[in-house]
Amino acid sequence: MSDQVVTRFAPSPTGYLHIGGGRTALFNWLFARGRGGKFLLRIEDTDRERSTPEATAAILKGLTWLGLDWDGEVVSQFARKDRHAEVAHQMLDRGTAYKCFSTAAEIEAFREAEKARGVSYPVFLSPWRDADPATYPDAPYVIRMKAPRAGQTVIRDTVQGDVTIQNATLDDMIVLRSDGTPTYMLAVVVDDHDMGVTHVIRGDDHLNNAARQQIVYDAMGWTVPVWAHIPLIHGPDGKKLSKRHGATGVEEYQAMGYPAAGMRNYLTRLGWAHGDAEIFSSEEAMKMFSLEGIGRAPARLDFKKLENTCGHHISMMPDAALLQELEAFLAAAGQPALTDSQRGLLSRALYCVKDRAKTFPELVEKARFALISRPVVPDEAAAKSLDAVSRGILKSLTPRLQNASWTKDALESILTDVAAEHGMGFGKLAGPLRAALAGRSATPSVFDMMLVIGRDETIARLEEASA
RNA sequence: GGCCCGUUCGUCUAUCGGUUAGGACACCAGGUUUUCAACCUGGGAAGAGGGGUUCGACUCCCCUACGGGCUGCCA
């Protein structure tokens, strides 16, 4: 018997990867990876009407972008339908399930009638539960689990605590549909058991389901996994996160230019805490992560904090990795790829822009000075600082830069000297320089810009601006 | 409607009966500066409401309010 941790993420492929699903996957991943366990991926595609291969691809893509790698092959739940049916029949043999010949129309009619009578929660009690097989008609049937009618089922949840459900409120869930396909309630249990899942970490929208699933575990004599039902993510207004809040799919976050490491960090802290830890790598998160640290209340998405977290990660990232992810972002956002020379320039510029950007678009904007080619067209604010006097000063500057030693210290002393000669502080000179070098009024340090683009380009831009 | 879960600064959270209720983001003020960002210093800011239990409750129990989830031959 191995006590290795096995977790899984089990999305249904009906759309893109929701940010909440991404966080669920992240928690499962952190928990497994931090304990030397396995993190498995299963696609819950038993609903043939709604499942699409495109959605599956989108989900895998989202997980991959987030950097959540799974162990082994992706399991298709639908592909295991024969195994599910086998278990349903074993339940039949064990007497923990029965054939029910009630039609959908009959059940619907029953519910309507009960509601009309004022029964708020009509629990359908199948007349076939204890019927004599001799009376079975030759008709389609479903297999229902024989759930206990009395007593209670207790879910021992690591996050929510002990949750007690009265069995009387549970009906005999269908485990196998009349067409022989399994329902979710059966399939999850069979798959989790067969895959050796030890910890079920999922959204708390499944909390009530856990009671029914536990009944299936008991019916088969299987070990119940450790439950951990985590609260959902809400929009900034506290309502369930939906389209109208903006981004709900993880690919939208990628397109907005958030680095994956920052995303992971932010999402980890959303609904989970470990003392005062705020900014950390995924490796550190794995060491700290525990189910006990998960909060019980739904958390709201805060884009400001997301940005702040991402800013820390951008500045911490090694240049090579940063450049690589930036290029992936450009591709994902449908922007033109970098040319070889732009890539070279950008990697030289990173050191002076990475501390000032929170997202990739911001990083590109800050590094604009390095990527543009002449003529440098100043924007309105920059144009204002390029008056006649300033242009004259810039012109007088170029000869002195010709022979200057191209270091920050040397440049600084030349420029402060020039400014002094014109009876001004360096601050006065910095504006025109920015305008000439970058065409903007807000840029990285002028010295850094000169260092990055080099002597020839610097002089060319100054001459152009002062012409 | 019924059942289940939740509720600490605006937001994410720490606290696991005894704290001036801590941190982070955001915000405000000041500083630094070569613009922006960053950074530094300081500031305002919270236990939903009401009952208990206890020498003592944010912490335990009950009620109310509010929010969320579930209530399918969906997952």
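That block above? That's the structure.
This one's a predicted model, so the numbers in the text were calculated from it and none came from an experiment.

## Thoughts on the side chain of Gln-254
Okay, step 1: Inspection of the secondary structure assignment puts Gln-254 in helix H7 (residues 250-256).
Okay, step 2: Contact partners of Gln-254, with chain neighbours within four places excluded, come to Trp-65, Ala-328, Phe-329 and Ala-332.

## Section: the packing of helix H3 (residues 81-94) against helix H5 (residues 184-194)
Okay, step 1: For the pair H3 and H5, the least separation of the axes is 10 Å and the interaxial angle reads 105°. Here H5 runs roughly perpendicular to H3, going by the angle between their axes. Mapping the contact onto sequence places Arg-83, His-84, Val-87, Ala-88 and Met-91 in H3 and Leu-186, Ala-187, Val-190, Asp-191 and Asp-194 in H5.
Okay, step 2: Looking at the contact of H3 with H5, its residues break down into 6 nonpolar, 1 polar and 3 charged.

## Focus on the sheet that holds strand E2 (residues 38-43)
Okay, step 1: Across the sheet, 3 strands lie side by side as E1-E2-E3; this open sheet has parallel pairing. The sheet terminates laterally at strand E1 (6-9) and strand E3 (75-76), the two strands that pair on one side only.
Okay, step 2: Alignment of E1 against E2, held across 4 bridges, turns out to be parallel. Its bridge partner lying in E2, Phe-9 is registered against Leu-41.

## Focus: the pattern of salt bridges
Okay, step 1: With the rule as written, the count across this model stands at 28 salt bridges.
Okay, step 2: The salt bridge partner of Asp-192 is Arg-42, with a shortest N-O separation of 2.8 Å. Of this pair, Asp-192 sits in helix H5 while Arg-42 sits in strand E2, and the two are 150 residues apart along the sequence.
Okay, step 3: For Arg-42, a relative accessible area of 0% translates into the label buried.

## Section: helix H17 (residues 408-421)
Counting along an α-helix, one turn takes 3.6 residues, and residues three or four places apart therefore face a common direction.
Okay, step 1: The terminal C-alpha atoms of H17 lie 20 Å apart, and with 14 residues this matches the ideal 20 Å at 1.5 Å per residue to within 8%.
Okay, step 2: Here H17 has its buried residues at Ala-410, Leu-411, Ile-414, Leu-415, Val-418 and Ala-419. Considered in projection along H17, the buried side chains sweep an arc of 160° and stay on one side of the axis. Facing away from the buried side of H17 by over 90 degrees, the exposed positions are Asp-409 and Ala-420.

## A look at the packing of aromatic side chains
Okay, step 1: Summed over the entire model, instances satisfying the criterion amount to 13 aromatic pairs.
Okay, step 2: Their ring planes at 50° and their centres at 4.9 Å tell us that Phe-101 and Tyr-136 sit as a pair that is tilted. Here the residue Phe-101 occupies a position in the loop between strand E4 (97-100) and helix H4 (104-116), and Tyr-136 occupies one in the loop between H4 and strand E5 (142-145), the gap between them amounting to 35 residues.
Okay, step 3: By the ring-pair criterion, three or more aromatic residues cluster together here, those being Phe-27, Trp-272, Phe-280 and Phe-289.
Okay, step 4: The residue whose ring lies beneath Arg-48 is Phe-78, and the NZ or CZ to ring-centre distance is 3.6 Å.
Okay, step 5: A cation over an aromatic ring shows up here: Lys-81 above the ring of Phe-78, its NZ or CZ 5.2 Å from the ring centre.

Definitions and limits used
Residues numbered from 1 in each chain as written. Chains lettered and ligands numbered in written order. Predicted model: local features only at pLDDT ≥ 70, side-chain atom pairs only at ≥ 80, totals over all residues. Heavy atoms only, no water. Helix = DSSP H or I, 4+ residues; strand = E, 2+ residues; numbered from the N terminus. Contact = heavy atoms within 4.5 Å. Axes fitted to C-alpha atoms, helices over the stretch in contact; angles between N-to-C directions. Parallel < 35°, antiparallel > 145°, perpendicular 65-115°, else oblique. Nonpolar A, V, L, I, M, F, W, Y, C, P; charged D, E, K, R; others polar. Pairing = 2+ DSSP bridges. Salt bridge = Lys/Arg side-chain N within 4 Å of Asp/Glu carboxyl O. Buried < 20%, exposed > 50% of the residue type's maximum accessible area, 1.4 Å probe, protein only. Expected span 1.5 Å × (residues − 1). Arc of directions from axis to C-beta. Phe/Tyr/Trp six-rings, centres within 6.5 Å; stacked < 30°, edge-to-face > 60°. Lys NZ or Arg CZ within 6 Å of the ring centre and 35° of its normal.

Any link to function would need more than the numbers given here.
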